[in-house]
Amino acid sequence: MKYIFLDIDGVLNAPGDKNLIEGIIEPNKYNWLKSLISKTKSKVVIISSRRLYKEDRDLLLKALDDIYDDISFISNKLTSKYRKDEINDFLSNNPCLNYVILDDVDCNYSEDSLMVKHYVPVDGILGFTVEDYMKALKILL
């Protein structure tokens, strides 16, 4: 299995984005994500802090309904101080051929010599761009 560990704010939305799906997802960024899923046959694991609140989880699932079957949440509670550690826990408990992390904040990914090779630092002012898409695609293929 391949995984896309996905933050939401700053990745699938950015300041100034208009016409957001369910108020959170910018359609063009979402289309890049759907293309990445399709081309790499990956599953999405939501690492956003929005996963911690039922209302936000439900809203995300509604906004991401086209890829609903490809989505899971890393957990419904914080299991560690850092996302890096939560991702490592997930990877140690799930079969994984490859993965990519799309996040606008370096949550200690760069401190892990293996994980940093799978991390695509998204500019939170721009959100997920074609350049980020190409980097993620290269990692997953």
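Everything below is about the structure printed above this text.
Position labels on residues start from 1 in each chain and follow its written sequence. Confidence filtering applies because this is a predicted model: local features only for residues at pLDDT of at least 70, side-chain atom pairs given and counted only at 80 or more, and all residues used for totals across whole chains, interfaces and linings. Side-chain calculation: all heavy atoms of the structure are included, whereas hydrogens and water are not.

**Focus on the sheet that holds strand E1 (residues 2–6)**
No. 1: The strand order E3-E2-E1-E4-E5 describes an open sheet built from 5 strands, whose pairing is parallel. The open sheet has two edge strands, strand E3 (71–73) and strand E5 (119–121), and neither has a second partner. Mean inter-strand twist for the sheet, computed between neighbouring axes without regard to direction, equals 25°.
No. 2: DSSP calls a pair of strands paired once it identifies at least 2 bridges connecting them. Numbering of helices and strands runs from the N terminus, with a helix taken as a DSSP run of H or I at least four residues long and a strand as a DSSP run of E at least two residues long. Both strand E4 (residues 98–103) and E5 contribute to a ladder of 3 bridges, which runs parallel. The partner of Asp-103 across the bridge, within E5, is Pro-121.
No. 3: Residue contacts are counted whenever heavy atoms from the two residues lie within 4.5 Å of one another. Helix axes are fitted only over the stretch in contact, all axes being lines through C-alpha atoms; the angle between N-to-C directions runs from 0 to 180 degrees. Lying over the sheet, helix H3 (residues 83–93) contacts E1, strand E2 (42–46) and E4, oriented at roughly 160° with respect to E1.

**Here we look at the packing of helix H1 (residues 27–40) against helix H4 (residues 130–140)**
No. 1: Contact geometry for H1 and H4: axes closest at 10 Å, N-to-C directions at 15°. Considered as vectors, H1 and H4 are oriented roughly parallel to each other. As for the relative orientation of H1 and H4, their crossing is right-handed in sense. Contacts from Trp-32, Ser-35, Leu-36, Lys-39 and Thr-40 of H1 reach H4 at Val-130, Tyr-133, Ala-136, Leu-137 and Leu-140.
No. 2: Class assignment of the residues belonging to the contact of H1 with H4 gives a composition of 7 nonpolar, 2 polar and 1 charged. Angles are sorted into four bins: roughly parallel if under 35 degrees, roughly antiparallel if over 145, roughly perpendicular if 65 to 115, and oblique for all others. The sense of a crossing depends on the near helix, which, turned anticlockwise from the far helix by less than a right angle, makes the crossing left-handed and, turned clockwise, makes it right-handed. Residues are grouped as follows: Ala, Val, Leu, Ile, Met, Phe, Trp, Tyr, Cys and Pro are nonpolar; Asp, Glu, Lys and Arg are charged; all remaining types, including Gly, are polar.

**Some details on the packing of aromatic side chains**
No. 1: Any two rings among Phe, Tyr and Trp, with Trp reduced to its six-membered ring, count as a pair given centres within 6.5 Å; such a pair is stacked if its planes are under 30 degrees apart, edge-to-face if over 60, and tilted if neither. Under the criterion given, the structure shown has 6 aromatic pairs.
No. 2: Seen in terms of ring centroids, Tyr-3 and Phe-5 are 6.1 Å apart; in terms of plane orientation they differ by 35°. Their pairing is tilted.
No. 3: We call a residue buried when its accessible area falls under 20% of the maximum for its residue type, exposed when it is over 50%, and partly exposed in between, using a 1.4 Å probe and counting protein chains only. Using a relative accessible area of 8% as the deciding quantity, one classes Tyr-3 as buried.
No. 4: Centre to centre, the rings of Tyr-3 and Phe-90 are 5.0 Å apart; their planes meet at 90°, and the pair counts as edge-to-face. Placement of Tyr-3 in strand E1 and of Phe-90 in helix H3 is noted, with a sequence separation of 87 residues between them.
No. 5: Aromatic rings pair up to connect Tyr-3, Phe-5, Phe-90 and Tyr-99 into one cluster.

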